[in-house]
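Analysis of the macromolecular model
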Amino acid sequence: MPTVEELYRNYGILADATEQVVLQHKDAYQVILDGVKGGTKEKRLAAQFIPKFFKHFPELADSAINAQLDLCEDEDVSIRRQAIKELPQFATGENLPQVADILTQLLQTDDSAEFNLVNNALLTIFKMDAKGTLGGLFSQILQGEDIVRERAIKFLSTKLKTLPDEVLTKEVEELILTESKKVLEDVTGEEFVLFMKILSGLKSLQTVSGRQQLVELVAEQADLEQTFNPSDPDCVDRLLQCTWQAVLLFSKNVHSTRFVTYFCEQVLPNLSTMTTPVEGLDIQLEVLKLLAEMSSFCGDMEKLETNLRKLFDKLLEYMPLPPEEAENGENAGNEEPKLQFSYVECLLYSFHQLGRKLPDFLTAELNAEKLKDFKIRLQYFAQGLQVYIRQLRLALQGKTGEALKTEENKIKVVALKITNNINVLIKDLFHIPPSYKSTVTLSWKPVQKVGIGQKRANEDTTSGSPPKKSPAGPKRDARQIYNPPSGKYSSNLGNFNYEQRGAFRGSRGGRGWGTRGNRSRGRLY
């Protein structure tokens, strides 16, 4: 076991030797390697000296790496930090994937300074050889311990975007995609979200074809070929989580048709029986919001009329007929229908979007009675809508700035957006024939600025002052005695972001989704 003096003496021998002569001093390097068996001072010196001369003694490469690894696992945190800091010097040639593998395992440390050193070391060797470093990272993601897997995935999700283009070449991005597909065969919901973040950030997947490839990847994870089971909360969660990821990818060139079709055929008919273990979550509203978002990007659909009818029938469930009147002019029933504005906004918007693709759906001869019934429902709903719009505007009148930021007023502002959106869509559908030309911004989406000369499809719904003239609803039947129905706003008004609700749970055959192998990864709601 060498002393501090012996370590310095042998270091001097190696430092003073020329490139040609240094190979003759193998014994001197062996003394330095033996320094890892000494005390604190000897180990600290060995941590610095071993990497410095590593490249000169390839026949001792394994011994040198193992010696440095012993120091990386030392009980003394200062020795560990020094050893980790020097690890990139071992990342040469065939040794680099091994060093990347070691560094990935070291991500499990709980020491923040040590963790930062590991991250910096990984970034250093990433710039030296991206493919080799990815080999070490993915090896641990696929086969390592849970804590290592988790932190390796988070490293990729946070650090890849910081690397320059000359590091993240097309070939490197192709390797990331290939390896990610292997991991996606067995992931939890949280891991799936992180990998979608990784993949959607790759430059080679920013194209239309790249985005379409990602949508297909999400569709595979969503299991759209399988029959939907509304009573299985894991099945519900998986579908919603995957759909939210897909929504981020849809555009006018990347269509949502496959997802919209699945929602119309499999989800809408089972909407009322869907379950979720998330307390306080209105799962039906979450589904309808997703459908509304997707409907804007739906392409040509094979069974458009059939699916449009299913959507229409679901809409009718939330568009009540006027209550029957007794002989004294009052409602014959004990309760007036509940108007669920949040649900209707989503369903009416989705129907309005898909109806554009089949404008004669309501005007076909076979649907004459259906259109008459629908207009009665629209009229009744619109009358109740006007009452609420007036109440909301009155409540918000004169309120600006901080006053609008209270929780109560935030809900009222969103409620006003919802009711105004419904009002615009109902006006469209009341045209003869029904029109599908108006555009509205869904209440949970940011409002798009209106350009010069562009006609507003909706009023400014966030203003605290009432407009000069209230928008007229469908023409009322003067003979009808109208009693305003009671209304219902969702308790989940506000920004829609199902992604934040966390991971899935349970397993899906051999594919994981909450378990990987026999080890549960838990749920993060």
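Residues numbered from 1 in each chain as written. Predicted model: local features only at pLDDT ≥ 70, side-chain atom pairs only at ≥ 80, totals over all residues. Heavy atoms only, no water.

Under an unreviewed UniProt entry, the chain has the name Apoptosis inhibitor 5 and belongs to Sciurus vulgaris. Regarding the chain, the UniProt comment filed under Sequence similarities (unreviewed entry) reads as follows: "Belongs to the API5 family." What the UniProt record of the chain gives under Subcellular location (unreviewed entry) is the line "Nucleus". (UniProt positions renumbered as here; feature names shortened; annotations may be inferred.)

1. Points about the pattern of salt bridges
Taken as a whole and assessed by the stated rule, the structure comprises 16 salt bridges. A salt bridge links Glu114 to Arg80; its shortest N-O distance comes to 3.0 Å. Linking Glu114 in helix H7 (residues 112-128) with Arg80 in helix H5 (residues 77-86), this pair joins segments that are 34 residues apart in sequence. A residue is classified by how much of its surface remains accessible, and Glu114, at 3% relative accessible area, is buried. The class for Arg80 is buried, based on a relative accessible area of 17%. Arg149 is the partner of Glu191 in a salt bridge, and the nearest nitrogen-oxygen pair spans 2.9 Å. (Salt bridge = Lys/Arg side-chain N within 4 Å of Asp/Glu carboxyl O. Helix = DSSP H or I, 4+ residues; strand = E, 2+ residues; numbered from the N terminus. Buried < 20%, exposed > 50% of the residue type's maximum accessible area, 1.4 Å probe, protein only.)

2. Topic: the layout of surface pockets
A volume near 220 Å³ is recorded for the second largest pocket. Contributing to the lining of the second largest pocket are 13 residues, with Leu160, Lys161, Leu168, Gly201 and Leu202 lying nearest its centre. Counting only elements with at least two residues in the lining of the second largest pocket, the list comes to helix H9 (146-159) and helix H11 (189-200). (1 Å grid on protein atoms, 1.4 Å probe; cavity = no way out; pocket = protein on both sides within 12 Å on 5 of 7 lines; lining within 4 Å. Points joined across faces, edges and corners; volume = space filled by probe spheres on them.)

3. A word on the packing of aromatic side chains
For the coordinates displayed, the defined rule picks out 16 aromatic pairs. Here the aromatic rings of Tyr318 and Tyr343 are separated by 5.0 Å at their centres, their planes lie at 55°, and the arrangement is tilted. One end of the pair, Tyr318, is in the loop between helix H16 (304-317) and strand S1 (339-340); the other, Tyr343, is in helix H17 (residues 341-355), with 25 residues separating them in the sequence. Within the aromatic cluster, the residues linked to one another by ring pairs are Phe312, Phe351, Phe361, Phe374 and Tyr436. The ring of Phe430 has Lys375 lying over it, and the distance from NZ or CZ to the ring centre is 5.4 Å. (Phe/Tyr/Trp six-rings, centres within 6.5 Å; stacked < 30°, edge-to-face > 60°. Lys NZ or Arg CZ within 6 Å of the ring centre and 35° of its normal.)

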